[in-house]
Amino acid sequence: MDMDAAVCLQDFEDFAIKYLPKNALDYYRSGANSEQTLKDNRSAFERLRLYPRILRDVSVRDMSTTVLGQRLPYPIAIAPTAMQRMAHADGEVATARAATAMDTGMILSSWSTSSIEEVAEASGKGLRWFQLYVYKDREVTRDLVKRAERAGYKAIFVTVDTPVLGKRLADIRNKFSLPEPLRLANFTSKLIESCGVRGSSSSGLTEYVASLIDPTLSWKHIEWLKTITSLPIILKGVLTAEDAREAAAHNVAGVVVSNHGARQLDGVPSTIEALPEVVDALKGTGLEVYLDGGVRTGTDVLKAIALGARAVFVGRPALWALAYNGEAGVKRMIEILRDEFSLAMALSGATKISEINRRLVRRQPPSYTSSKL
């Protein structure tokens, strides 16, 4: 593919819509139920307006930040998304290589089609974190955590908004299954066979792994995770001040303001609208706050940072970029978003992250049309 042909993130999505098989496209694109929250994740960003400062000398800009003590040259990293080999043959391996080449980090989904170890080998010394569900079988959970530790992952991002899977109408209509010969690479051999399931690529396996998720998930499970790993634990899926304060009380390292890409409970707030409440609740606690959901432009990144996010994670854009051109596509996607963010900083009058604050962002007032007399 001609990398110069893609000039914004929408270009990658347009390509994917045209060329990805319907089974994969709908799995990646869909939200829960009527997709109200899926739409709002984007429209909420559009309702925010920027109020830039002028005459600030923005000839030199520093976009760098840190995530859990690790320096990033810009506050953009890759969110966990499942089954990436449906988008491209190299899947998560290509994403890992792209993130490493662009000097940023990626979160590997535990439902990946490349294994924990394969992604670690591909990313080399690159920054990587691991996304985890808590399973009914604690040994399955423990095994995944220990493998991530051994493979050099730097944190565990625990998905806390999924005691059960949300209802995604497109997948029901399509009777979604993971295409042959793909497999859920982290759930093979003894890990699955010990539970009485054979094989690695059937749709039955996908459904079975989903059924392993523990609906009794509670704060006691977070405490248990802290006993089996020394890695930082971040809770992914926090939307309220109450849960943010509870997270602080349980001494986790941070939270991701996330609604699971709008794939769980439809009707919850967009992540950018939930962000300020969570940030305010965690002031003075030392917990880091991140955001995912709906980020598509550099000004989206700017708005999230202004409202208190330390960094943003992008998910679906990485899938579309994978479909576009594998590793090179993901690198190009990150490059576009990084450069847009740098431009947005310059045009808003900010030369470093610490100068980006809430004074920059205001919610657009409702529009009123006066009736003719």
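Given the structure is predicted, the values throughout are model-derived calculations rather than measurements.

Visitor: It is not clear to me how the overall build of the protein chain should be interpreted in this structure. Could you clarify?
Guide: In terms of regular secondary structure, the protein chain is built from 14 helices and 12 strands. For a compact globule of 373 residues, the expected C-alpha radius of gyration is about 21 Å, and the protein chain comes in at 20 Å, within 12% of that figure. Based on the C-alpha atoms only, the size of the protein chain along its principal axes is roughly 70 × 55 × 45 Å. Buried residues in the protein chain amount to 57% of all 373 residues. Accessible area of the protein chain: about 16100 Å², with a carbon and sulfur share of 51%. One finds the centroid of the 48 positive side-chain charges in the protein chain at a distance of 3 Å from the centroid of its 43 negative side-chain charges.

Visitor: So what exactly am I meant to see when it comes to the pairing of strand S7 (residues 156–159) here?
Guide: Burial along S7 is two-sided: Ile-156 and Val-158 and Phe-157 and Thr-159, pointing in opposite directions, are all buried. Sheet topology places strand S6 (residues 127–132) next to S7; three bridges connect them, and they run parallel. When the bridges of S7 are listed, Gln-131 appears paired with Phe-157. What joins S6 to S7 is helix H6 (residues 138–150), and the crossover it makes is right-handed. Here four bridges tie S7 to strand S8 (residues 233–238), and the two strands are oriented parallel to one another. For Thr-159, the partnering residue across the bridge sits in S8 and is Lys-236.

Rules behind the numbers
- Residues numbered from 1 in each chain as written.
- Predicted model: local features only at pLDDT ≥ 70, side-chain atom pairs only at ≥ 80, totals over all residues.
- Heavy atoms only, no water.
- Helix = DSSP H or I, 4+ residues; strand = E, 2+ residues; numbered from the N terminus.
- Rg over C-alpha atoms; globule rule 2.2 N^0.38 Å.
- Buried < 20%, exposed > 50% of the residue type's maximum accessible area, 1.4 Å probe, protein only.
- Areas by Shrake-Rupley, 256 points an atom, 1.4 Å probe, with all protein chains shown as cover.
- Lys, Arg positive; Asp, Glu negative; His and termini not counted.
- Charge placed at Lys NZ, Arg CZ, Asp CG, Glu CD.
- Pairing = 2+ DSSP bridges.
- Right-handed = clockwise from strand over helix to strand, strands pointing away.

Treat this as a map of the structure, not an account of what it does.
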